[in-house]
Amino acid sequence: MISEMVVGSSDAIASVRTMIRFSINAMASVLITGPSGCGKEVVANAIHRASKRADGPFIAINSGAIPTELIESELFGHEGGSFTGASGRHIGLFEQAEGGTLFLDEVGEMPLSLQVKLLRVIEERAIRRVGGKKQIPVNVRIIAATNRDLQKQIAAGDFREDLFYRLCVIPICIPSLAERPEDVAALAEHFLNQSEDHGARPTISDEAVARLARYSWPGNVRELRNVIERATIFFPGQTIGREEAELLLTERSVGSMHAEMTDLDDIAQDNSGDSPVRFTDGFSLQSHLQDEERRLMIEALVECGGVIAKAARLVDLQRTTFVEKMRRHGITRDDRQAA
Ligand SMILES: Nc1ncnc2c1ncn2[C@@H]1O[C@H](COP(=O)(O)OP(=O)(O)OP(=O)(O)O)[C@@H](O)[C@H]1O
Ligand SMILES: [Mg+2]
């Protein structure tokens with residue numbers, strides 16, 4: 001099962017799978033390191049799905065993509081009337097991940113002030129909502145990931161050493177694809193099997209595999225996935241030889257544009273799967289929708305660099321309506337500037 005999720009025949013991937021097996025039923029935090037596109041989220045997901053927590057939610061947050069002022073309330077939630085001026089209560093991701101796994105992606109980008117708070121939460125296994133008084137116990141497994149060198153960041157004073165040791169109880173290091181060319185064949189096969197139209201599935205010759213294995217893969221597995229996806233479009237039902245492989249690699253500038261599109265597809269797919277929503281006691285559709293509205297508005301603001309008019313257009317609201325909702329959700333001027 002783990003080998004179906006984390007594909008590869010290299011020694012490096014074999015030890016990644018071993019580490020996953022060690023870690024599945026531990027509570028200890030896992031730190032996954034490796035360059036962009038090498039499969040960090042794949043590994044985090046595999047740990048969750050192979051663990052006893054598989055029926056619980058898997059919630060991912062990208063610490064680099066959320067404005068500093070908002071991460072705390074995103075993670076820990078906030079009480080109505082807290083410093084953000086919010087009128088309603090917001091349940092944070094820690095509470096939403098109850099009984100499951102919280103994936104802290106790009107943890108190296110987390111601001112120092114929040115690193116202190118995260119460390120305390122891990123040690124106390126309890127959170128406090130922003131503006132709240134009581135400690136709320138949480139049962140959440142933390143998996144963190146980064147493509148940065150945290151040791152260097154520690155030396156530079158940008159990452160707390162104590163948090164590093166807390167997160168890195170189980171370290172999993174994924175090398176770049178160029179360092180494990182043996183995996184190219186299995187991964188290519190894996191992505192071909194995933195293509196929707198099986199009739200159009202091309203066959204990859206040994207020469208083509210050898211050519212792909214020699215390529216440097218700056219975008220790692222994500223780039224290979226895109227090359228294979230394009231192979232199914234360019235050469236449906238055909239055999240890909242050495243020349244075709246060459247063509248797929250030289251056309252790769254188109255491929256990297258495609259890579260971004262596929263990432264969005266990834267997100268859409270992830271979201272269309274098992275919903276992390278739990279209908280626990282006290283669940284209210286109304287307040288859930290409110291939270292969702294708030295989250296999407298912040299996302300729109302972030303995407304538009306904080307320009308309200310643009311963000312309003314993005315979500316198809318009148319500017320005035322958007323501003324009114326910002327006020328109601330306690331999305332403040334500071335938030336917007338940070339965005
Ligand atoms: N070992 C693997 N087996 C199967 N699929 C993989 C593997 N490694 C990566 N992939 C695929 O490659 C793509 C990129 O993987 P993933 O998103 O996990 O990378 P990442 O390390 O989190 O990248 P980033 O640092 O950019 O967030 C995904 O489509 C994923 O399914
Ligand atoms: Mg990732």
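About the criteria used
Residues numbered from 1 in each chain as written. Chains lettered and ligands numbered in written order. Predicted model: local features only at pLDDT ≥ 70, side-chain atom pairs only at ≥ 80, totals over all residues. Heavy atoms only, no water. Helix = DSSP H or I, 4+ residues; strand = E, 2+ residues; numbered from the N terminus. Buried < 20%, exposed > 50% of the residue type's maximum accessible area, 1.4 Å probe, protein only. Contact = heavy atoms within 4.5 Å. Areas by Shrake-Rupley, 256 points an atom, 1.4 Å probe, with all protein chains shown as cover. Pairing = 2+ DSSP bridges. Lys, Arg positive; Asp, Glu negative; His and termini not counted. Salt bridge = Lys/Arg side-chain N within 4 Å of Asp/Glu carboxyl O. Polar contact = N/O pair within 3.5 Å; in protein donor to acceptor, adjacent residues only side chain to side chain. Patch = residues over 30% accessible without salt bridge, like charges linked within 9 Å, V, L, I, M, F, W, Y side chains within 5 Å. Phe/Tyr/Trp six-rings, centres within 6.5 Å; stacked < 30°, edge-to-face > 60°. 1 Å grid on protein atoms, 1.4 Å probe; cavity = no way out; pocket = protein on both sides within 12 Å on 5 of 7 lines; lining within 4 Å. Points joined across faces, edges and corners; volume = space filled by probe spheres on them.

1. Description of the overall build of the protein chain
(1) Moving on: Counting secondary structure elements, the protein chain contains 17 helices and 9 strands.
(2) Moving on: Out of the 339 residues in the protein chain, the part that is buried amounts to 45%.
(3) Moving on: Of the contacts made within the protein chain by residues no fewer than 6 positions apart, 74% connect residues no fewer than 24 positions apart.
(4) Moving on: When the accessible area of the protein chain is evaluated, it comes to approximately 17300 Å², of which 51% is carbon and sulfur surface.

2. Things to note about the pairing of strand β6 (residues 141-146)
Consecutive residues of a regular strand have side chains that alternate between opposite faces of the sheet.
(1) Moving on: Most of β6 sits inside the fold, with 6 of its 6 residues counted as buried.
(2) Moving on: Because side chains alternate across β6, one face comprises the buried residues Arg141, Ile143 and Ala145, and the other comprises Ile142, Ala144 and Thr146, equally buried.
(3) Moving on: Relative to β6, strand β1 (residues 30-33) runs parallel, the two sharing 4 bridges. By the bridge assignment for β6, Leu31 is matched with Ala144.
(4) Moving on: Note: strand β3 (residues 101-105) against β6, 4 bridges, orientation parallel. By the bridge assignment, Phe103 is partnered in β6 with Ile143.

3. Details of the environment of Arg128
(1) Moving on: For Arg128, the location among the structural elements is in the loop between β4 (126-127) and β5 (136-137).
(2) Moving on: Placed 50 residues apart in sequence, Arg128 and His78 show a C-alpha to C-alpha distance of 8.4 Å.
(3) Moving on: Each residue touching Arg128, except ones within four places of it in the same chain, is listed here: Phe76, Lys133, Lys134 and Gln135.

4. Observations concerning the side chain of Arg53
(1) Moving on: Assignment of secondary structure puts Arg53 in the loop between α3 (40-50) and β2 (58-62).
(2) Moving on: One buried charged residue, Arg53, forms no salt bridge at all, with the nearest opposite charge on Glu98 at 7.1 Å.
(3) Moving on: One polar contact links the side chain of Arg53 to the main-chain carbonyl oxygen of Gly100, over a distance of 2.8 Å.
(4) Moving on: Within polar-contact distance, the side chain of Arg53 engages the side chain of Asn139 at 2.5 Å.

5. A look at a nonpolar patch on the surface
(1) Moving on: Judged by side-chain polarity, Ile233, Phe234 and Leu247 come together as a nonpolar surface patch covering roughly 270 Å² of accessible area.
(2) Moving on: Tracing the sequence through the fold places Leu247 in helix α12 (residues 242-250).

6. Quick look at the packing of aromatic side chains
(1) Moving on: Per the counting criterion, the structure on display carries 5 aromatic pairs.
(2) Moving on: A centroid spacing of 5.6 Å and a plane angle of 25 degrees characterise the contact between Phe76 and Phe94, whose relative ring orientation is stacked. Within this pair, whereas Phe76 is found in helix α4 (residues 68-76), its partner Phe94 is found in helix α5 (residues 93-96), the two being separated by 18 residues in sequence. Each member of the pair, Phe76 as well as Phe94, carries the same accessibility label: buried.
(3) Moving on: Arranged with centres 6.1 Å apart and planes meeting at 80 degrees, the rings of Phe234 and Phe235 form a pair that is edge-to-face.
(4) Moving on: According to the relative accessible area criterion, Phe234 is partly exposed, its value standing at 37%.

7. Regarding the layout of surface pockets
(1) Moving on: Here the second largest pocket is characterised by a volume of approximately 230 Å³.
(2) Moving on: In terms of lining residues, the second largest pocket is bounded by 13 residues, among which Glu72, Lys117, Arg120, Arg128 and Gln135 are the most central.
(3) Moving on: Elements with a contribution of two residues or more to the lining of the second largest pocket: α4, α6 (112-124) and β4.
(4) Moving on: Broken down by element, the residue count for the lining of the second largest pocket peaks at 4 residues, all from α6.

8. Focus: the pairing of β1
(1) Moving on: Two strands pair when backbone bridges link them, and β1 and strand β7 (residues 170-173) are joined in this way by 4 bridges, in the parallel orientation. What sits directly across from Leu31, in β7, is Pro171.

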